[in-house]
Amino acid sequence: NAGVTQTPKFRILKIGQSMTLQCAQDMNHNYMYWYRQDPGMGLKLIYYSVGAGITDKGEVPNGYNVSRSTTEDFPLRLELAAPSQTSVYFCASSDRGSGNTIYFGEGSWLTVV
Amino acid sequence: QQPVQSPQAVILREGEDAVINCSSSKALYSVHWYRQKHGEAPVFLMILLKGGEQKGHEKISASFNEKKQQSSLYLTASQLSYSGTYFCGSGVQGAQKLVFGQGTRLTINP
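Structure report, in brief. (Residues numbered from 1 in each chain as written. Chains lettered and ligands numbered in written order. Predicted model: local features only at pLDDT ≥ 70, side-chain atom pairs only at ≥ 80, totals over all residues. Heavy atoms only, no water.)

### Side note on the layout of surface pockets
Estimated volume of the largest pocket: approximately 560 Å³. Gln 37, Gly 40 and Met 41 of chain A together with Thr 85 and Arg 105 of chain B are, among the 25 residues lining the largest pocket, the residues nearest its centre. Only β9 (87–94) of chain A together with β9 (84–92) and β11 (104–109) of chain B provide two or more residues apiece to the lining of the largest pocket. Of the residues belonging to the lining of the largest pocket, the class tally is seven nonpolar, 14 polar and four charged. (1 Å grid on protein atoms, 1.4 Å probe; cavity = no way out; pocket = protein on both sides within 12 Å on 5 of 7 lines; lining within 4 Å. Points joined across faces, edges and corners; volume = space filled by probe spheres on them. Helix = DSSP H or I, 4+ residues; strand = E, 2+ residues; numbered from the N terminus. Nonpolar A, V, L, I, M, F, W, Y, C, P; charged D, E, K, R; others polar.)

### Looking at the interface of chain A and chain B
Where interface size is given, it is often the accessible area lost as the parts come together that is meant. The interface is formed by 27 residues belonging to chain A together with 26 residues belonging to chain B. Counting across the interface, chain A meets chain B through zero salt bridges. One can count eight residue pairs in polar contact (both at pLDDT 80 or more) joining chain A with chain B. Broken down by secondary-structure element, the contributors of at least two residues to the side of chain A that touches chain B are β4 (31–37), β5 (43–51) and β6 (54–57) of chain A. In terms of residue count, the dominant contributor to the side of chain A that touches chain B is β5 of chain A (five residues). Residue classes in the side of chain A that touches chain B are distributed as twelve nonpolar, nine polar and six charged. (Contact = heavy atoms within 4.5 Å. Salt bridge = Lys/Arg side-chain N within 4 Å of Asp/Glu carboxyl O. Polar contact = N/O pair within 3.5 Å; in protein donor to acceptor, adjacent residues only side chain to side chain.)

### Quick notes on the pairing of strand β8 (residues 70–75) of chain B
All names here are of chain B. By the bridge criterion, six bridges tie strand β3 (residues 18–23) to β8 in an arrangement that is antiparallel. Note on β8: the bridge partner recorded for Cys 22 is Ser 71. Direction of pairing for strand β7 (residues 60–65) relative to β8: antiparallel, over a ladder of six bridges. Counted as the bridge partner of Asn 65 is Gln 70 from β8. The hairpin formed by β7 and β8 contains four residues between the paired strands, and Gln 69 there has a positive phi angle of roughly 55°. (Pairing = 2+ DSSP bridges.)

### Side note on the sheet that holds strand β7 (residues 64–66) of chain A
Residue and element names in this part refer to chain A. Pairing within the open sheet is antiparallel, and its four strands lie in the order β1-β3-β8-β7. Looking at which strands have only one partner, the edges of the open sheet turn out to be β1 (4–7) and β7. Taking each pair of neighbouring strands and ignoring which way they run, the sheet shows an average axis angle of 20°. As judged from the four bridges shared by β1 and strand β3 (residues 19–25), these two strands associate in the antiparallel manner. (Axes fitted to C-alpha atoms, helices over the stretch in contact; angles between N-to-C directions.)

### Structural notes on the state of the cysteines
Inspection of every chain in the model, using the stated rule, returns two disulfides over all chains. There is a disulfide in this structure between Cys 23 of chain A and Cys 91 of chain A, and the S-S distance comes to 1.9 Å. Because the sign of the S-S torsion sets the handedness, a value of about -75° for the bond joining Cys 23 of chain A and Cys 91 of chain A places this disulfide among the left-handed ones. Taken together, the residues Cys 23 of chain A in strand β3 and Cys 91 of chain A in strand β9 connect sequence positions 68 residues apart. Classification of Cys 23 of chain A as buried rests on a relative accessible area of 2%. Put simply, Cys 22 of chain B and Cys 88 of chain B are joined by a disulfide, and their sulfur atoms are 2.0 Å apart. On the sign convention where negative means left-handed, the S-S torsion of about 70° between Cys 22 of chain B and Cys 88 of chain B marks this disulfide as right-handed. Linking Cys 22 of chain B in strand β3 with Cys 88 of chain B in strand β9, this pair joins segments that are 66 residues apart in sequence. (Disulfide = S-S within 2.5 Å. Buried < 20%, exposed > 50% of the residue type's maximum accessible area, 1.4 Å probe, protein only.)

### What to know about the pattern of salt bridges
All names here are of chain A. The final tally for this structure, using the stated rule, is three salt bridges over all chains. Across the salt bridge formed by Lys 9 and Glu 106, the nearest N and O atoms sit 3.8 Å from each other. With Lys 9 in the loop between β1 and β2 (10–13) and Glu 106 in the loop between β10 (103–104) and β11 (108–112), the pair connects residues that are 97 residues apart, well separated along the chain. We note a salt bridge from Glu 79 to Arg 77, for which the minimum N-O separation is 3.2 Å. Of the residues examined, Glu 79 reaches a relative accessible area of 34% and is grouped as partly exposed.

This is the structure we're talking about:
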């Protein structure tokens, strides 16, 4: 029962570096999401996808890019990392968007120094 | 667009009841409730899809008032395991995406 798998779990980046957070799901879900959660705060939607080849911006997309070439994978790219991007990143998926349960990955802790 | 939760924090003794409210300025397609423990991912509690719908999960239940664009989460006879931060999520934009409230931190003391 893999569900939603995120890698890496922890990462430290230097200012200006770039990296990709990987997300894969094995439930054949069309809908996938990336959220970020700052310490003590709620979840903010970064990007989402309703199917392979289709992505759209969420509440806080600046500084990030996504792609969805397959149903299973939804990587999140951070370009020119900034300290403000220090956060916990959660990937999630659903078979019917907000019309059904949204399953979360375990999270990726990112620190930019 | 983000739903608003109240209260922001609640401290209870074991066995007491709590109510957490969630309201939105936009029409809601659905309401989700999640609980998150420190350092962990959010865990799904329940989803309400229709106005007037009520659901229960052991001693945790929720209601959805579509006309008022509000939902409430009820925790009855709280247990220590109920501690955590509770988030409501509102389904918007043709049910494609889910946006979350700022969370309500619930602390249960013995």
